[in-house]
Amino acid sequence: MKKTWITLGLSAALLAGCGGGEEKTTDTAKENEPAKETAAFPVTVTGADNQKVEIEAAPKRIVTLAPSNTEIVYELGLGEEVVGVSDNDTYPEDVKNKEKVGGMEFNVEKIISLKPDLVLAHDSAGAAAETGIQQLRDAGIDVLVINNAASIDEMYQSFELIGEATGTTAEAETEVKELKAGFADLEEKAASIEEENEKSVFFEVDPTLYTAGNGTFLNEIFDMLHINNTMADQEGWPQVTEEAVIEKNPDVILLNYGGYVENAVNGVLKREGWSNVNAVKNKEVFEVNADLTSRTGPRLVEGAEAIAEAVYPDVFAQ
């Protein structure tokens, strides 16, 4: 996807990590702490760029270049080890205390100055990050590129890869089990929805009508929740026309950008030519938290719950 809050925020995307109330330690003290290892080092891991990275010891200074990476790292109990995050990071609260290193075009000099022993890049940045990644590697820094998860299973692989690289494989396995259990609970609730009561949804990524199509983790969530994705005949994250949405006539419209655009729901309800769309006519237009629904990380179950409650409140509302 092209949108910043979707590429770096997707993937995003997610459950409670280590919060902002953590007590800080000095670099010297941390050097004397026992490594948080559940696996022997050195380890060799292969990133999404097919580059093998040999990591000599459990990382003590980590820089993450995507919010989904950051949330996973915190969830694995490594918040103290994080010394730098992307400009797009918002969760957990403790990221406000970390050095910011830029967005998709990250600041190489800043990262080097933080003296990390592991940088977790993200495949969503694509070719834009290649030069910077190579500069970091030329500086002797281990850079592991984490996959841009298109599916829930690929999200689990992100956990496993980060866990392997940081010596927290047991924690990663536990988190994956918890996520699977959360999705299973939602799927069990959704099983009560009769086919004739299933609703159709248009998921609006931004006001220019980017959306989630087939082959995305969101479409997988829609299927799980017995939601008919009106754009499932499209692949990936396409931009569609107003005419296409009107023709599909969704029962519900979900907005993934309310935190970035003022009065987002009213903007949709007042669109010229949309008055006969079921979702507009029945005022079934809702915001969902972009961080929860866009980041393929530990809070994605919460994102799925938010979608479920918006579409089927009688079934899923607490």
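Further up the page is the structure itself.
Let me begin by describing the structure that accompanies this report. Worth saying up front: this structure is predicted, and the values here are computed from it rather than measured. (Residues numbered from 1 in each chain as written. Predicted model: local features only at pLDDT ≥ 70, side-chain atom pairs only at ≥ 80, totals over all residues. Heavy atoms only, no water.)

1. Observations regarding the sheet that holds strand β8 (residues 200–204)
Under the convention used in this document: Here the rule is simple: two strands pair whenever DSSP picks up at least two bridges between them. Strands here are runs of E lasting at least two residues and helices are runs of H or I lasting at least four, both read from the DSSP assignment and numbered beginning at the N terminus. The contact definition used throughout considers only heavy atoms, calling two residues in contact when any of these lie within 4.5 Å. Orientation is described by axes fitted as lines to C-alpha atoms, over the contacting stretch for helices, and by angles from 0 to 180 degrees between their N-to-C directions.
Taken in spatial order, the four strands line up as β9-β8-β10-β11 in an open sheet, and their pairing is parallel. The sheet terminates laterally at β9 (228–229) and β11 (285–287), the two strands that pair on one side only. Sheet analysis places strand β10 (residues 252–255) next to β11, joined by three bridges and oriented parallel. What sits directly across from Ile-253, in β11, is Val-285. In the packing of helix α13 (residues 300–311) onto the sheet, contacts are made with β8, β10 and β11, and the angle to β10 comes to roughly 145°.

2. Comments concerning the environment of Asn-229
Stated formally: Each residue's exposure class comes from its accessible area (1.4 Å probe, protein chains only) as a fraction of the maximum for that residue type: buried when under 20%, exposed when over 50%, partly exposed otherwise.
Here Asn-229 shows up in strand β9. You can call Asn-229 buried: its relative accessible area is 9%. For the pair Asn-229 and Ala-212, spaced 17 residues apart in sequence, the C-alpha to C-alpha distance is 8.4 Å. Ignoring sequence-local partners within four residues, the contact set of Asn-229 consists of Val-201, Ala-212, Gly-213, Asn-219 and Phe-222.

3. Observations concerning the packing of aromatic side chains
Applicable threshold: Working definition: rings of Phe, Tyr and Trp (its six-membered ring) pair if their centres are within 6.5 Å, and the pair is stacked with planes under 30 degrees apart, edge-to-face with planes over 60 apart, and tilted otherwise. Here, over-ring charges are defined by two tests on the NZ atom of lysine or the CZ atom of arginine: distance to the ring centre within 6 Å, and angle to the ring normal within 35 degrees.
With the rule as written, the count across this model stands at two aromatic pairs. Look at Phe-203 and Phe-222: their rings are 6.0 Å apart centre to centre, the planes differ by 55°, and that puts the pair in the tilted class. Of the two residues, Phe-203 sits in strand β8 while Phe-222 sits in helix α8 (residues 217–224), which places them 19 residues apart along the sequence. Assessed through its relative accessible area of 0%, Phe-222 is described here as buried. With 5.8 Å between their ring centres and 55° between their planes, Phe-217 and Trp-237 make a pair best called tilted. Of this pair, Phe-217 sits in helix α8 while Trp-237 sits in the loop between β9 and α9 (242–248), and the two are 20 residues apart along the sequence. Judged by its relative accessible area of 0%, Phe-217 falls in the buried class. The residue whose ring lies beneath Arg-271 is Trp-274, and the NZ or CZ to ring-centre distance is 4.6 Å. The ring of Tyr-91 is capped by Arg-299, whose NZ or CZ atom sits 3.6 Å from the centre of that ring.

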